[in-house]
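# Residue-level structure breakdown
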Amino acid sequence: MESEGKIVFTEEQEDLVVKSWSVMKKNSADLDSPIPAEQNPKLKPHAMSVFVMCCESAVQLRKTGKVTVRETTLKRLGANHSKYGVVDEHFEVAKYALLETIKEAVPEMWSPEMKAAWGQAYDHLVAAIKTEMKPSQ
């Protein structure tokens with residue numbers, strides 16, 4: 001939701017993201033992937049980064065109406081995602097995986113409102129990353 005160019009992210013939305021993440025991170029070692037870690041050792045650290053950055057984005061959206069990732073971090077994320085050939089479809093698959101993981105990790109907390117809050121935080125984080133992605137030469 002937007003109001004006068006700023007994103008409106010409610011306190012309730014922030015709470016849904018922050019509280020569910022605080023529950024999930026306690027059990028993060030138990031969050032499984034269908035891909036064995038030995039096949040992709042970078043998968044779990046990347047997933048944890050996505051969770052942390054989405055949670056931070058939710059807090060930032062609530063406080064400032066925008067995602068305020070440090071410029072150097074954003075440039076690095078944009079460059080890395082470009083270098084690895086990440087396209088829109090990859091971001092959509094990651095969003096689906098993120099939401100499904102949350103749904104499985106905290107089923108007693110899961111709701112359409114939680115799905116929307118995490119989805120909005122993710123979408124705005126991705127938009128910020130995409131602004132720093134340069135087309136391959």
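- As recorded in an unreviewed UniProt entry, the protein chain goes by Globin domain-containing protein and comes from Arabis nemorensis.
- Turning to the protein chain, the UniProt record has this under Cofactor (unreviewed entry): "heme b".
- For the record of the protein chain, the UniProt heading Sequence similarities (unreviewed entry) holds the text "Belongs to the plant globin family."

### Quick word on the environment of K115
- Note on placement: K115 falls in helix α5 (residues 112-131).
- Sequence-wise, K115 and L99 are 16 residues apart; in three dimensions their C-alpha atoms are separated by 6.6 Å.
- Setting aside residues up to four positions removed in sequence, K115 forms contacts with L99 and W110.

### Let's talk about the packing of helix α4 (residues 88-105) against α5
- The N-to-C vectors of α4 and α5 enclose an angle of 150°; their axes lie 10 Å apart at closest approach. One element, α4, and the other, α5, form an angle in the roughly antiparallel class. Once α4 is placed against α5, the crossing between them reads as right-handed. Taking contact as the criterion, the partners of D88, F91, A94, K95, L98, L99 and I102 in α4 are, on α5, M114, K115, W118, G119, Y122, D123, V126, I129 and K130.
- Here the contact of α4 with α5 is built from residues that sort into 10 nonpolar, one polar and five charged.

The rules behind each value
- Residues numbered from 1 in each chain as written.
- Predicted model: local features only at pLDDT ≥ 70, side-chain atom pairs only at ≥ 80, totals over all residues.
- Heavy atoms only, no water.
- UniProt positions renumbered as here; feature names shortened; annotations may be inferred.
- Helix = DSSP H or I, 4+ residues; strand = E, 2+ residues; numbered from the N terminus.
- Contact = heavy atoms within 4.5 Å.
- Axes fitted to C-alpha atoms, helices over the stretch in contact; angles between N-to-C directions.
- Parallel < 35°, antiparallel > 145°, perpendicular 65-115°, else oblique.
- Left-handed = near helix turned anticlockwise from the far one by under 90°.
- Nonpolar A, V, L, I, M, F, W, Y, C, P; charged D, E, K, R; others polar.

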